[in-house]
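Now for the letters of each chain:
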Amino acid sequence: MKRQTSRAALFLLATLTLISWLGASFLAQRAGELSRGAVIRWEAGGGISPVQLLRAERYAREDGGAAVPTAALWREHREGYVEDGAGRRSTSAAVLELFGDGGEGWPAAFRYGNYPARGDETGCAVDEATADALWGSARVVGQAVLWKGKTYYVRGVMKGSGGPWPNLLLRFRDGDAGTQAEHFLSQNQIPGGQMLDLSLLHQGLTALAALPGAALTLGILLRLFQRGRALTAAPLLLVCYLPPALLGAGAVLW
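Cut-off values and rules
Residues numbered from 1 in each chain as written. Predicted model: local features only at pLDDT ≥ 70, side-chain atom pairs only at ≥ 80, totals over all residues. Heavy atoms only, no water. Helix = DSSP H or I, 4+ residues; strand = E, 2+ residues; numbered from the N terminus. Areas by Shrake-Rupley, 256 points an atom, 1.4 Å probe, with all protein chains shown as cover. Core = buried A, V, L, I, M, F, W, Y, C linked by side-chain atoms within 4.5 Å. Buried < 20%, exposed > 50% of the residue type's maximum accessible area, 1.4 Å probe, protein only. Patch = residues over 30% accessible without salt bridge, like charges linked within 9 Å, V, L, I, M, F, W, Y side chains within 5 Å. Salt bridge = Lys/Arg side-chain N within 4 Å of Asp/Glu carboxyl O. Pairing = 2+ DSSP bridges. Arc of directions from axis to C-beta. Contact = heavy atoms within 4.5 Å. Polar contact = N/O pair within 3.5 Å; in protein donor to acceptor, adjacent residues only side chain to side chain. Phe/Tyr/Trp six-rings, centres within 6.5 Å; stacked < 30°, edge-to-face > 60°.

Visitor: How would you sum up the overall build of the chain? Please name residues and give values.
Guide: Across its full length, the chain holds seven helices and nine strands. Put simply, the chain shows about 16200 Å² of open surface, and 59% of that area lies on carbon and sulfur atoms.

Encoded structure:
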């Protein structure tokens, strides 16, 4: 009975370890896609306006363009209320305003269309739940949406359910993203918020994802060494054992 309990505990531990490793690997891959960037978040009342961002980008290009980032601003309205263009149906929805490349600031999978292009002030994207609540279908690209008395037109439908903008993503071509982000903000006299260096996050997650592989590699090498040490009393067997053992160790390290 104790042996069965021990096996069940080991199986559960192995399963949880595998799930944790897969999660760390996924997050490390996702962070790797953003490793050349930095996210700056301001508390309530702070932030940067689209006009300030455009001015800062123009100044950076005029200075030589070596550190002109790809930028995206966004802010959330957790208790939004939207209507269809005719005002016949309405639904509550969390509204996310975006300025810049929406795919940079808020990556999402789309069933139809995509994010509005930069500078499209009348475009919007909705999720399937909102589209179904307003029109009963996800094929609603081109439909009008009313929000806070202003009309927007649907450019894309995502899968699944004015003042300062408090979130900013800056992505640079190369170099230390955190240092370049700090320089970009200070050069344009933009008060900094809380910064998350995505390159540092990527390094940490990559190291975490590599731990199980490192442990497994160490365990296999240790087992090969122990087997070889046990054959020291039989030189002929040791000579026969060494070539495949060395090949196996090389394959594991590779």
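From this point, the discussion proceeds with the structure in view.
Visitor: With reference to specific residues and values, describe the nonpolar core.
Guide: Of all hydrophobic cores here, the largest spans 19 residues; its most connected members are Ile 48, Leu 53, Leu 168, Leu 170 and Phe 184. At the level of secondary structure, the elements contributing two or more residues to this core comprise strand 1 (37-41), helix 2 (50-62), strand 2 (70-84), strand 8 (167-171) and helix 5 (177-187). If you tally residues by element for this core, the top one is helix 5, at four residues. In this structure, Val 82, Ala 93, Ala 138 and Val 154 belong to the second largest nonpolar core, which totals 15 residues.

Visitor: Quick rundown of a nonpolar patch on the surface? Include the residues and the values.
Guide: A contiguous nonpolar patch, built from Leu 12, Leu 16 and Ile 19 and spanning about 300 Å² of accessible area, is present on the exposed surface. Here Leu 16 lies in helix 1 (residues 2-33). A relative accessible area of 47% means that Leu 16 is categorised as partly exposed.

Visitor: Summarise the pairing of strand 6 (residues 144-147); cite the residues concerned and give the values.
Guide: Here is the key point about a regular strand: its side chains alternate between the two faces of the sheet. In terms of strand pairing, strand 6 meets strand 7 (residues 150-158) through four bridges, oriented antiparallel. The residue bridging Leu 146 from the neighbouring strand is Thr 151, located in strand 7. Hairpin connection, strand 6 to strand 7: the antiparallel pair is bridged by two residues, and Lys 148 has positive phi, about 55°.

Visitor: Which residues make up the environment of Leu 222, and what values go with them?
Guide: Topologically, Leu 222 is positioned in helix 6 (residues 198-230). Leu 222 sits 27 residues away from Ala 249 along the chain, and the two C-alpha atoms are 9.8 Å apart.

Visitor: Tell me about helix 4 (residues 128-135), and please be specific about residues and values.
Guide: Of the positions making up helix 4, those classed as buried are Thr 130, Ala 131, Leu 134 and Trp 135. Projected onto a plane normal to the axis of helix 4, the buried residues spread over an arc of 100° and lie on a single side. At the C-terminal side of helix 4, Gly 136 shows a positive phi close to 75°.

Visitor: Let's hear about unusual backbone geometry: which residues, and what values?
Guide: Although it is not a glycine, Lys 148 sits at a positive phi angle of roughly 55°. Residue placement: Lys 148 occurs in the loop between strand 6 and strand 7.

Visitor: Break down the pattern of salt bridges for me, with residues and values.
Guide: Here the structure, examined in full by the defined rule, presents two salt bridges. Between Glu 128 and Arg 111 there is a salt bridge whose closest N-O contact spans 2.7 Å. Highlighted residues: Glu 128 in helix 4 and Arg 111 in strand 4 (residues 110-113), separated in sequence by 17 residues. For Glu 128, a relative accessible area of 23% corresponds to the partly exposed category. Judged by relative accessible area, Arg 111 falls into the partly exposed class, the value being 41%.

Visitor: How would you sum up the environment of Ala 125? Please name residues and give values.
Guide: With respect to the secondary-structure elements, Ala 125 resides in strand 5 (residues 123-127). Accessibility expressed as a relative area gives 24% for Ala 125, which makes it partly exposed. In this view, Ala 125 contacts Phe 110, Tyr 115, Pro 116, Gly 156 and Met 158; residues no more than four positions away in its chain are not counted.

Visitor: Before we move on, can you summarise the side chain of Thr 130 with the specific residues and values?
Guide: For Thr 130, the location among the structural elements is in helix 4. You can call Thr 130 buried: its relative accessible area is 9%. A polar contact is formed between the side chain of Thr 130 and the side chain of Asp 127, at a distance of 2.7 Å. Non-local contacts of Thr 130, meaning those with residues more than four positions away in its chain, are made with Val 82, Thr 91 and Ala 93.

Visitor: Give me the packing of aromatic side chains: which residues, what numbers.
Guide: Under the defined criterion, the tally for this structure stands at two aromatic pairs. Here the aromatic rings of Phe 110 and Tyr 115 are separated by 4.9 Å at their centres, their planes lie at 75°, and the arrangement is edge-to-face. What makes Tyr 115 buried here is its relative accessible area of 14%.

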